[in-house]
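# Inside the fold
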Amino acid sequence: MNGKNIVAATFVDTNAQKLNAVNPSTGQIIDGDFDKANEQLVDEALVAATDAFAIYRSINKDVKAKFLNVIADEISAITEDLVKRASVESGLPAARLQGEVGRTTGQLRLFANLVAEGSWVNAIIDTAQPERQPLPKPDIRRMLIPIGPVIVFGASNFPLAFSVAGGDTASALASGCPVIVKAHPAHYGTSALVAEAIMKAVGKTGIPKGVFSMLYDDGFEIGSALVKHPLTKAVTFTGSFKGGMALVKLAEQRPIPIPVFAEMGSINPVIFLPKALETQAETLAKKYAASITQGAGQFCTNPGLMLAIASPALDTFKKALSEAISLIPSATMLTAGIAHNYNELASEIIIDDSTSILGISNLKDKDLQNQSQALVAQIDAADFIANPKYREEIFGPYSLLVVAKNLSELEAAIAVLDGQLTATLMAESEELKNYSSLVNTLTDKTGRIILNGVPTGVEVCAAMQHGGPFPATNDSRFTSVGSTAIYRFVRPLAYQDWHPDLLPDELKNGNPLHIFRTVDQKLTNHE
Ligand code: NAP
């Protein structure tokens, strides 16, 4: 593994300060030195990306699809090393990371298929009507075009699927935009291995080298410089509200503002309706104990909030949840910082006068560092409604059960919620129709509404929406998961009365790419 910064798919020598990865379970430094980047490298990466964009933006779609598939092949080929390194760096179990390799390569192949098929550019053609009275109608043809170099901030909680070759990178590359990754300090080595796989794919497919760069830093300097650089055209981020909003503000303050797509967190409310609790209280408790603690709760879709109306069935649910949580061992969190935040916030909940503890898990191994014990607490709806602090995310294996006296109090508690990535309803089919007002209120709060499932586990597919009203994301019109994530990096361009031979293939007469287009208001893949 090489710990040098990468500019234009090439390792760069610098006399830099060395950075090291840390094993969160032991606090020990892991093998490998990584060079701290500097502002000159930021500039070189952006100049190279801009030069490469001139070619890559209109490169043949099959070559682009092959590039994405070869990245997936190269990552698959190093699965064993990747899982080993990512597990030591993140404290996540090997089985989880094995799955994440599959998700990462699957994601790349999904975008390869999208690009190869080609219709994603949303080509619209309105042919000319020279005879139209009183004025002739011009020939207008519109399609989506890529915007230019994209900065990707890898996320700590998915060292593969939301990092160097994760969904943000895959969708940006698929759109025709070069990518510069700011490697996350929680997994330098994993980032280096994946970056090398991308570099190999660049070499094998003849893609312009400036299409990929990656820089290391342990603070905000390089990230800020990347966002502020005049050649940067967009930014993607997954992490804290504070971090996301800092980048949004930086981008807004530029002389030429650019879009930042920040996914910043969510408490993912789950509403247990009365009949569902009456029929399956114990099953639901076990299901939710597992969902709250999966991956040490370090998911943006973790069910951090549960809401229900007081009833004997809810008491059975609480008892079963308490038992299930107490059986779950503690787990290593991703970083010392994340563990510190979690333990501080969890301690505050434990001593809070308005909350009571429903369940707390055991400390598995006192010798391990950065452990999190799962915590489920309870609060009355009135207190929850009165104090916004209970609606803030506690990142980790934590959930708060809000107990309402009646339906109107339950609805009032839902009404005060902020925007969410997901909202879940646990309900019997026949009771749902009695809650249409509650369902409407909930729908307005979220990007994905789940019926009788758990919010953890985000399917990567064309219909997925992973993005919700503020503060879950800063722009709820977009998703960071699934193939429509590509639309973050494009803008529409209309060609008016353009010479037919000079039009892009997507808009040419005769439809040489055989893609679906809207021609004179009819969707067709014919000429
Ligand atoms: P983070 O603090 O938000 O950092 C994420 C990335 O953004 C890092 O590369 C970080 O750089 C960079 N960054 C943050 N603030 C910045 C700023 N003001 N200027 C420039 N760059 C900035 O996330 P984290 O370190 O992964 O975890 C911290 C907390 O974030 C967690 O406790 C949790 O609350 C939240 N989180 C949420 C999600 C989610 O799914 N929404 C996922 C992971 C974490 P450096 O680290 O190099 O400083």
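Residues numbered from 1 in each chain as written. Predicted model: local features only at pLDDT ≥ 70, side-chain atom pairs only at ≥ 80, totals over all residues. Heavy atoms only, no water.

Per an unreviewed UniProt entry, the recorded name for the chain is Aldehyde dehydrogenase (NADP(+)), and the organism is Pedobacter jejuensis.

### Considerations on the site of the ligand
For the record, the criterion: Throughout, near means a residue has at least one heavy atom within 4 Å of the molecule or strand. Polar contact criterion, stated in full: a pair of N or O atoms within 3.5 Å, where within protein one must be able to donate a hydrogen and the other to accept it, and residues adjacent in sequence count only if both atoms are side-chain atoms. Values of accessible area rely on a 1.4 Å probe in the Shrake-Rupley scheme; residue burial ignores everything except the protein chains shown. Helix and strand assignments come from DSSP, with helices taken as H or I runs of at least 4 residues and strands as E runs of at least 2, each series counted from the N terminus. Charged means Asp, Glu, Lys or Arg here, nonpolar means Ala, Val, Leu, Ile, Met, Phe, Trp, Tyr, Cys or Pro, and polar covers whatever is left, Gly included. Where each domain starts and ends comes from a domain assignment, either automatic or drawn from a database.
The local shell around the ligand holds 25 residues, among which Ser156, Lys182, Phe220, Ser240 and Cys300 are the closest. Contact between the ligand and Gly219: an oxygen atom at 3.1 Å from a main-chain N or O atom of the residue. For the ligand, the protein covers 87% of the area, taking 860 Å² as the surface of the free molecule. Taken together, the elements giving at least two residues each to the shell around the ligand come down to β10 (234-238), α8 (241-253) and α11 (336-351). Partitioned by chemical class, the residues of the shell around the ligand number 10 nonpolar, 11 polar and 4 charged. Residue-level mapping places the shell around the ligand at the junction of two domains, with at least three residues from each of domain 1 (5-264 + 478-488) and domain 2 (269-451).

### What about the sheet that holds strand β23 (residues 522-524)?
Operational definition: Here, any two strands with at least 2 DSSP bridges between them count as paired. Between N-to-C directions, angles cover 0 to 180 degrees, with each direction set by a line fitted to C-alpha atoms, over the stretch in contact for helices.
An order of β21-β6-β5-β22-β23 is seen for the 5 strands of this open sheet, with the pairing classed as mixed. The strands lining the two open edges of the sheet, one partner per strand, are β21 (490-496) and β23. The mean inter-strand angle of the sheet, taken between neighbouring strand axes irrespective of direction, is 25°. Pairing of strand β5 (residues 124-126) with strand β6 (residues 140-146), which is carried by 3 bridges, proceeds in the antiparallel orientation. Looking at β6, one finds that Ile124 is bridged to Arg142.

### Quick word on the pattern of salt bridges
So the rule is basically this: In what follows, salt bridge is the name for a side-chain nitrogen of Lys or Arg lying within 4 Å of a carboxyl oxygen of Asp or Glu. Summary of the burial criterion: residues with accessible area below 20% of their type's maximum are buried, those above 50% are exposed, and those between are partly exposed, where the area comes from a 1.4 Å probe applied to protein chains only.
Summed over all chains, the structure comprises 18 salt bridges. One salt bridge connects Asp126 with Lys137, and the closest N-O pair in it is separated by 4.0 Å. Of this pair, Asp126 sits in strand β5 while Lys137 sits in the loop between β5 and β6, placing them 11 residues apart in sequence. Residue classification places Asp126 among the partly exposed residues on the basis of a relative accessible area of 25%.

### Things to note about the UniProt feature "domain: Aldehyde dehydrogenase" (unreviewed entry) in the chain
What counts, and what does not: UniProt positions are given in the numbering used here, feature names are shortened, and annotations may be inferred rather than shown by experiment.
The positions UniProt marks with the feature "domain: Aldehyde dehydrogenase" (unreviewed entry) are residues 11-456. Between the end C-alpha atoms of residues 11-456 there is a gap of 37 Å, over a span that is 44% helix and 20% strand.

### Regarding the side chain of Thr79
Applied cut-off: Residues are treated as being in contact if the distance between any of their heavy atoms lies within 4.5 Å.
When you line up the elements, Thr79 lands in helix α3 (residues 79-90). Taking the relative accessible area as the measure of exposure, Thr79 reaches 16% and is therefore buried. Of the polar contacts made by the side chain of Thr79, one reaches the backbone oxygen of Ser76; its length is 2.6 Å. The contacts of Thr79, once residues within four sequence positions are left out, are Gln98 and Val101.

### With respect to the packing of helix α2 (residues 61-77) against helix α5 (residues 167-175)
The criterion, for reference: Our angle categories are set so that under 35 degrees counts as roughly parallel, over 145 as roughly antiparallel, 65 to 115 as roughly perpendicular, and the remainder as oblique. Whether a crossing is left-handed or right-handed is set by the direction in which the near helix is turned from the far one by less than a right angle, anticlockwise for left-handed and clockwise for right-handed.
Taken N-terminus to C-terminus, the directions of α2 and α5 make an angle of 160°; their axes are 9 Å apart at the nearest point. By the angle between their directions, the pair α2 and α5 is classed as roughly antiparallel. Between α2 and α5 lies a crossing of right-handed hand. Of α5, the residues touching α2 (which contributes Lys64, Phe67, Leu68 and Ile71) are Ala170, Leu173, Ala174 and Ser175. When the residues that make up the contact of α2 with α5 are grouped by side-chain class, the tally is 6 nonpolar, 1 polar and 1 charged.

### Section: the domain arrangement of the chain
Convention followed: Here the buried area means the combined drop in accessible surface, using a 1.4 Å probe, for two parts upon being joined, counting both sides.
When the domains of the chain are assigned, the result is domain 1 (5-264 + 478-488) and domain 2 (269-451). Just the C-alpha atoms count here: the centres of domain 1 and domain 2 sit 33 Å apart. Residue-level contacts link 15 residues of domain 1 with 15 residues of domain 2. Contact with domain 2 buries area across many residues of domain 1, yet Pro24, Ser25 and Asn157 alone supply 40% of it, more than any other trio. Applying the counting criterion to the domain 1 and domain 2 interface returns 0 salt bridges. Where domain 1 meets domain 2, there are 5 residue pairs in polar contact (both at pLDDT 80 or more). The residue makeup of the side of domain 1 that touches domain 2, split by class, is 5 nonpolar, 7 polar and 3 charged.

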